[in-house]
Amino acid sequence: MRAAILHAVGNDKLDIRDDVTLAPVGPSDVRVRVRATGVCHSDLSAMSGVLPQPVPLVPGHEGAGEVVEVGEHVTSVKPGDHVVISWRPACQECDLCVGGQPYLCMKYVIESFSKGNFRLGGDEATVFGMAGCGTWAEEIIVPWQGAIKIDDDVSWEAAALIGCGITTGVGAAINTARVRPGSTVAVIGCGGVGLSVIQGARLSGARTILAVDPLESKHELARKVGATHAVTPEQVPEAVGELTGGAGFDYGFEVVGKSATIQSAWQVTRAGGDVVVVGAGATDDMVSISAFSLLFEGKNLLSSLYGEADVRHDFPYFAKLHKAGKLDLESMISSRIRLADLNDAVAALRGGEVLRQIVIMD
């Protein structure tokens, strides 16, 4: 089968080849034919080493497809089912899972560094999948907890977006921050996840949603999906004064993954408000906030990993919102491409102008 392979961290080019095979399906595994997969900034982070991954690696973690084969112990899905891939499957047995925080479960994250389900060429060398998935391939093997069934009438493109960007962003607003109706929200970074945060704030009934992005080309789309205002970083002080009387926003979302933008989110959030970090940053990028501010400004600094989702509920829920016209997923798609176009897609994403490019598998 065909797959895109990163041979070394830091490589600019993927090796797109046809001689990739899969390991046998284990008793608790599911084999999925990938039908659509997104090109996400986290994929760039995996390629550059910001998000550590083993190599050689098949990138890709935001995908959806059709179940082809299941292991003998699998009862949650069957061949022919449509599924969204969860890049952080929860074991559903540990204290975190049972305690209501399945998005923090590390079992399969740890396993993904030692277990590679792809095989390369005649030498049968092991190739790993990003986050244990590797959706930039025609087929993948995941644990049964990582294949979440959804209705067959959800498009493959929409299902793929739900697998990461939508869940991460909408979940940050409704699960982590629990944005209150009538509140004010600032979202720093208007890529695919940032736009999803905006949609989550809109769904929650926020009265003012400020989108912040240096690329003015993204402002129109931000308004289309729910932002009431859109500015560049230089225009933020004026917007804070105009929209909040200088007090700051009830919620400040950082969706870039940089210490500078985390501090910006802190600064635009009012005393007693919530600062929510959604972007995935580097291990050596340190954030500096004074101990005085932490105490006396009364702000809550929160992280939102994978939208704090329980994907068993949230994937089908977001799909239903989409079908009801409440979630605009079509506007999030910049272009539909083929697997052979992935090197061009990665270059375009580095340029910053595109949102979600979706790979459609033949």
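Residues numbered from 1 in each chain as written. Predicted model: local features only at pLDDT ≥ 70, side-chain atom pairs only at ≥ 80, totals over all residues. Heavy atoms only, no water.

Colleague: Help me understand helix α4 (residues 156–177), please; the structure alone is not making it clear to me.
Modeller: Structural remark: α-helix, 3.6 residues per turn; residues separated by three or four positions point the same way. Taken as a whole, α4 carries its principal kink of about 60° at I162. Burial within α4 is extensive, with 21 of its 22 residues counted as buried. (Bend = angle between axes of the 7 residues up to and from the residue. Helix = DSSP H or I, 4+ residues; strand = E, 2+ residues; numbered from the N terminus. Buried < 20%, exposed > 50% of the residue type's maximum accessible area, 1.4 Å probe, protein only.)

Colleague: Help me understand the nonpolar core, please; the structure alone is not making it clear to me.
Modeller: Most often, soluble globular proteins have nonpolar side chains that are buried together. With 99 residues, the main nonpolar core has W136, I166, V185, L195, I198 and F253 as its most contacted residues. It is α4 that contributes the most residues to this core, 12 residues altogether. With residues near it in sequence (within four places) discarded, L195 still touches C190, L221, A222, V225, M332 and L355. Core analysis: the next-biggest nonpolar cluster, separate from the first, contains 14 residues, V240, L243, F249 and A265 among them. (Core = buried A, V, L, I, M, F, W, Y, C linked by side-chain atoms within 4.5 Å. Contact = heavy atoms within 4.5 Å.)

Colleague: Please explain the sheet that holds strand β17 (residues 300–303) as it appears in this structure.
Modeller: Consider a sheet: its strands pair through backbone hydrogen bonds, and that pairing is either parallel or antiparallel. Read across the open sheet, the 6 strands follow the order β14-β13-β12-β15-β16-β17; overall the sheet is parallel. Only two strands of the sheet have a single neighbouring strand rather than two, namely β14 (229–231) and β17. Adjacent strand axes in the sheet meet at a mean angle of 20°, parallel and antiparallel pairs treated alike. Pairing of strand β15 (residues 249–254) with strand β16 (residues 269–277) involves 5 bridges; the strand directions are parallel. Bridge pairing in β16 places Y251 opposite D274. (Pairing = 2+ DSSP bridges. Axes fitted to C-alpha atoms, helices over the stretch in contact; angles between N-to-C directions.)

Colleague: I tried to follow the pairing of strand β10 (residues 139–143) on my own but got confused; where do I start?
Modeller: For a regular strand, the rule is simple: side chains alternate between the two faces of the sheet. With 4 of 5 residues buried, β10 lies mostly within the body of the structure. Pairing of strand β4 (residues 29–39) with β10 involves 5 bridges; the strand directions are antiparallel. The partner of R31 across the bridge, within β10, is I141.

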